[in-house]
Structure formats: C-alpha cells, structure tokens
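# Structural characterization, general
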Amino acid sequence: MATVGEQLVQVLRQAGVTRVYGVVGDSLNPFVDAIRRTPEIKWIHVRNEEAGAFAAAAEAEVTGRLAVCAGSCGPGNTHLIQGLYDAHRSGVPVLAIASHIPTEQIGTAFFQETHPERLFVECSHYCELVSQASQMPRLARIAIQHAVGRSGVAVLAVPGDVLHRPTEHPTGESAPVKGRGTLVPADDQVRELAERLNSARSVALFCGAGVQGAHDLVMALAGTLLSPVGHSLRGKEWIQYGNPYDVGMSGLLGYGACYDATQEADLLLLLGTDFPYNAFLPQKRTVQVDHDLSRLGRRTPLELAVHGDVGATIRAVLPLLKQKSDRAFLDAMLRRHTRALEHVVDAYARDIDRHVPVHPEYAASVLDEVATDDAIFTVDTGMCNVWAARYITPNGRRRVIGSFLHGTMANALPHAIGAKLAYPDRQVISMSGDGGLGMLLGELLTVALHRLPVKIVTFNNSSLGMVKLEMLVTGLPDFETDHAGVDYAAIARAAGLHAVRIEQPSDVRAGLREAFDHPGPALVDLVTDPNALSLPPHVTISQMTGFALAATKVVLNGGVGRMLEMARSNLRNVPAALGR
Ligand SMILES: Cc1ncc(C[n+]2csc(CCOP(=O)(O)OP(=O)(O)O)c2C)c(N)n1
C-alpha cells in the first residue's frame, strides 16, 4: 500500500511538478524517498533551503506555473522563510513541503521543534498541518489550488511519521486549477472611468506588473488619451519596450520624467501597480485599476477604484473614449524625459570606458549589449537594481526578475538556478552584488553540482553600496559598509566554475563574452567602483542637506579624498537643477 509521502508526490506529479528544491533530512526522508522512485520529478539539492525557495520562486515566476520546495523540520523550515516571503510578495505560485517533528512529540519542546503551521502564516495564503493520513490527498490538492489560484505561497506541514503512514484514501485524480480567469470590471465602473478620462485635460498612465500581457492595449489607450506612460520597476519589463509614450520610472531608483508626469497630469491612472512609495504619488486626482480589490486605494486616495484586469478594463473602456487632440502635455513630458536621460544616464555612460575601477554603469551597459535577446536577468537587491533598471533594455522577450517587493539580498543567484532549470536553452544571467553573492555563496556549489550553465556577473565593489548611499542621503557617514576585497573568481574556480576576473574597462566586453560563450557555469568577477553611487532624480532638499552633512562628517573624520571622489561621481548623476 502507498504511503502518504508517495501519495503527496503523485498529486504533485498530476499537477505538472517536475522538480522539488530542498535539502534532505530526517522527517522529510519519506517524501524524498518517494521522489527518488518517481522518474518524472527530480530532487534539486541546494546548499541552503532559502535558496531552494528562491529557486522555486523564480521557476514559478518565469513559467507562471506551480513550483515546489521543501525543508526538513525545525531549521530546515526556518531557512525556507526568506525565499517564501519573496515568492509570496511577488505573487508567484509556490508550494512548500515543511516536514515536522513526530506527531506524538508536538508540544513537548522536542528536538528541532517549531510550529510550521504558525511559522509560515504571514508568508502564505494557506498553511495547514497534516496530522493524519485521512486528510490526504485532499489537503495537498487544496494547498496547490491556493498557490495557483491565489498566486502566492501555500505550505503543507507534515510530520515525518504521517508521511510514512499508509494512505487511507485512494489518490484518484482531480483536475487542478491551471490559472486565473479574466476579471472584467462592472459596467458602471467602466462608464465612470470613461467619463473621467474624457473630461480630464491631461492623463498620465503609471504601470506596474499587472500590465503583463496588455502592452498593445496600454499603447492604444495612451494613443487615444495622448498620455505619457511611466512604470514601476516591476512594470518595466512589460511596458517600456516599443513605447513611444515612455517617460521612465518612478521611485527611489527612478529616472526620466515619470515623476513629473504623474504629479502634473490632470488625472493619474494607475494600471496594475501596487507601487509602495506613496510619497511619490500625487495623493489626489487618481484612478486605479487592479484585479486585487485589497490594493485599490491603499497607497493614495482615489477618485475612482476599478476592480478588473488591466487588459479587460482597457478593452471595455476604449470604445467609450474620445480621441484627444492636444499633445502639449505629452510632448512636454517626452522632452523633459529626454533631457533628464541625457543628464542622468548618458552622463554616466560617457567617458567611463577608461575609468578604473570599472564603472558599474559602463559594465551594465556592455552587459546589455552582449546579452541575448531572450536572456533572463535575475537581479540582486542593492545597486544591481539600479543598474538593471537603467541599463538592461527590455524587449518583450527578455525577463528581469528580482526581489522587487520583499527586497531581500542574495536572491539573484538562487533565482538564476530556478530560471535556468526551467529554461535550459535561454541565457540566464545573475546580476549579483558581492554582498548578495557572499550571503548565499554556497549556491555556487549548487550551480557546479548540477552543471547549470548560468552566468554570474558579480558587481564586486567591496561595499554594501546601496546602504552606503542610504547612509549618505540621510545624513550619516558611511559605517561598516566597506570591506576588504575578495577574489570571487578564485572562489568560483575552486568551486568548479569557469571564472573571469575583470579589473580594466577595456576587458569588460571580452570578459563577458568569454563567460557567455563558455558552455558551462561561469562567473565574471567585475571589480567595480564603490563610489559610483546613483542618486534618485527627485532628491529632496532635506536629502541634499543630508548628503552635504554626511560629506562634512566624513571630511571631519579624515576621509576627504574618498568623499571628493564620491561627490564628483554623484554630481554627474544629480539632475541639472540640483547639480548647479
Ligand atoms: C537579507 C538582507 N539583509 C540586509 C538588507 C539591507 N540591504 C539592502 S541592499 C544592501 C547592500 C547590498 O550589497 P551588495 O550585494 O554588495 O550590492 P551593492 O549595493 O554594493 O551593489 C543591504 C545590506 C537586505 N535588503 N536584505
């Protein structure tokens, strides 16, 4: 007779799962052993369960399908948390199998005891304890339905002894949910939306990840309303390409005229975005469209909330809209956008091909050229977010994924592992910070073990650069951010990867090509300038004061040389009005 562990694996197989990421161990072993005997599902050994959860999150994000990770009781479970938070915040379908201590020991402060059914509540839509065989296979199917149907994490906590028990019910078959239906907004909301859009003199669109699949419709809307179109970091990959209305990105990593367009328009239309920084939104004259009711109005008061998918809403409203004829607002914003780009991006990319240490902007712009048209970039939290946002050109086929909502470090390498397993024929590039790489360094061994030809491009600035910037703009001298250099190429070689170390800008292109042409896993150790900090385009006066204050403090502490370099670096990136 089959065991509960075998039954669980059969249900996963029926749901189309082909791999499970994790680390084996005690209470999890009956499940792992069932996988060993199931040729359709591979066990992907990672070095840290956190990485397993990240890898599953990336697999789910790039495929749109359920992905699975697992951790053994106690510490194996707690390691999963970071990656599961990331998956859940990103709204991707991940099921975690969290094995648990023996049933009879629960509540006795037993060795490795935690309470997984409590532990994962905050980072899941569904988190239940399977305490007897008779609950299966039903709970497994319900968990999968929550992950897929509600786009997020589901956790099944199963004690090892329950996994080992004989089944009480046949496994049977039940068609799993495959994805969401289309949410069409109510007629009255569509009519009111049309009235507001028709009567506004100027409308700006601001797009988030919810515009996925609606590029052409958003362009048609912008063409009818003559609207500038800005985006969040998560919206960028879906909307910035082929977009004649593009005014760039808002937020702390923003650039271009997006902020101005959203502030100065008569009406701001938020499309599929849960952009978290309310300070960057005008807090008035705003209409929001989202398929998730709970997001409507949570960042800004709304004149109208429209509950619907972005595509379905635009399709419904377009026939009710009058073609606008006054391009003045759109053109003013497009001009301002171009000017802003000249100052912010081009100023950085010019004359930096001779700068030593290598300017990260230069490296990122070369990376953009060298990468394939359908590459998947995974991006570490930190300055890599800035370089990806500003220099990686989306085209509708490339993907750029990161921990854009949970904002955790060390996501890029394990994300790359999941993305590469899901798409072995696509180039997968991990844009890693040296801090991020160091945090889950063991995953180099995972890459080597599975001979996964991911390309790890490490922006090695020997600094927690993003935090250094935060300290400076908030008026603190940087502290505990910089550390002695590490030769990541040597470490990668020792781990069995092909590695290239680049210290000269003239070697960037050839070094990247060498790594990308290499048939196996490869790491590029790019030694970059720690002082190449990027200031957001809407630096407030208080932040500028803070910057000056920090400068003064560092000068007083004797760091004048470094501060001068940094100020010079930064000035090139400060908008003209502030830079003067
Ligand atoms: C797990 C975790 N710890 C701390 C932070 C705070 N934090 C955000 S970015 C960052 C520095 C990242 O450094 P690195 O990976 O070297 O990238 P850089 O910014 O230098 O390019 C830190 C410490 C975080 N986001 N996540």
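Residues numbered from 1 in each chain as written. Predicted model: local features only at pLDDT ≥ 70, side-chain atom pairs only at ≥ 80, totals over all residues. Heavy atoms only, no water.

## Here's the deal with the environment of Thr-3
Positionally, Thr-3 belongs in the segment before α1 (4-14). Each C-alpha atom of the pair Thr-3 and Glu-168 lies 9.0 Å from the other, and the pair is 165 residues apart in sequence. Non-local contacts of Thr-3, meaning those with residues more than four positions away in its chain, are made with Leu-163, His-164, Arg-165, Pro-166 and Thr-167. (Helix = DSSP H or I, 4+ residues; strand = E, 2+ residues; numbered from the N terminus. Contact = heavy atoms within 4.5 Å.)

## Some remarks on the site of the ligand
Contacts to the ligand come from 18 residues, most closely from Gly-407, Gly-435, Gly-436, Ser-463 and Gly-465. Take Met-383: an N or O atom from its main chain is 2.9 Å from an oxygen atom of the ligand. In the environment of the ligand, a nitrogen atom lies 3.2 Å from a nitrogen or oxygen atom belonging to the backbone of Met-409. Starting from 580 Å² of accessible surface for the ligand in isolation, the protein chains cover 79%. Elements supplying a minimum of two residues to the shell around the ligand: α17 (434-439) and α19 (465-473). Per-element accounting of the shell around the ligand gives the leading share, 4 residues, to α17. Partitioning the shell around the ligand into residue classes produces 6 nonpolar, 11 polar and 1 charged. (Near = heavy atom within 4 Å. Polar contact = N/O pair within 3.5 Å; in protein donor to acceptor, adjacent residues only side chain to side chain. Areas by Shrake-Rupley, 256 points an atom, 1.4 Å probe, with all protein chains shown as cover. Nonpolar A, V, L, I, M, F, W, Y, C, P; charged D, E, K, R; others polar.)

## Quick word on the nonpolar core
With 48 residues, the main nonpolar core has Leu-197, Leu-205, Val-218, Leu-221, Leu-269 and Leu-271 as its most contacted residues. Per-element accounting of this core gives the leading share, 6 residues, to helix α9 (residues 215-225). When near neighbours in sequence (up to four residues on either side) are disregarded, Leu-205 contacts Val-218, Leu-221, Ala-222, Leu-225, Ser-227, Pro-228, Val-229, Gly-230, Leu-269 and Leu-271. With 46 residues, the next largest nonpolar core counts Ala-56, Ala-60, Ile-456 and Ala-492 among its residues. (Core = buried A, V, L, I, M, F, W, Y, C linked by side-chain atoms within 4.5 Å. Buried < 20%, exposed > 50% of the residue type's maximum accessible area, 1.4 Å probe, protein only.)

## A few points about empty space enclosed by the protein
All told, the structure shown has 2 cavities of 30 Å³ or more when counted by the stated rule. Its boundaries defined by the atoms lining it, the largest cavity holds a volume of some 90 Å³. Residue lining of the largest cavity: Val-11, Gln-14, Ala-15, Arg-141, Ile-144, Gln-145, Ser-174, Ala-175 and Pro-176, and that is the complete set. Among the secondary structure elements, those contributing two or more residues to the lining of the largest cavity are α1 and α6 (138-149). When residues of the lining of the largest cavity are assigned to their parent elements, the largest contribution, 3 residues, is made by α6. Considered class by class, the residues forming the lining of the largest cavity number 5 nonpolar, 3 polar and 1 charged. Space inside the second largest cavity adds up to approximately 30 Å³. What lines the second largest cavity is Asp-380, Ala-410, Ala-412, Leu-413, Pro-414, Ser-432, Gly-436, Leu-437 and Leu-440. Here the lining of the second largest cavity gets 3 residues from one element, more than from any other, and that element is helix α16 (residues 412-422). Of the residues belonging to the lining of the second largest cavity, the class tally is 6 nonpolar, 2 polar and 1 charged. (1 Å grid on protein atoms, 1.4 Å probe; cavity = no way out; pocket = protein on both sides within 12 Å on 5 of 7 lines; lining within 4 Å. Points joined across faces, edges and corners; volume = space filled by probe spheres on them.)

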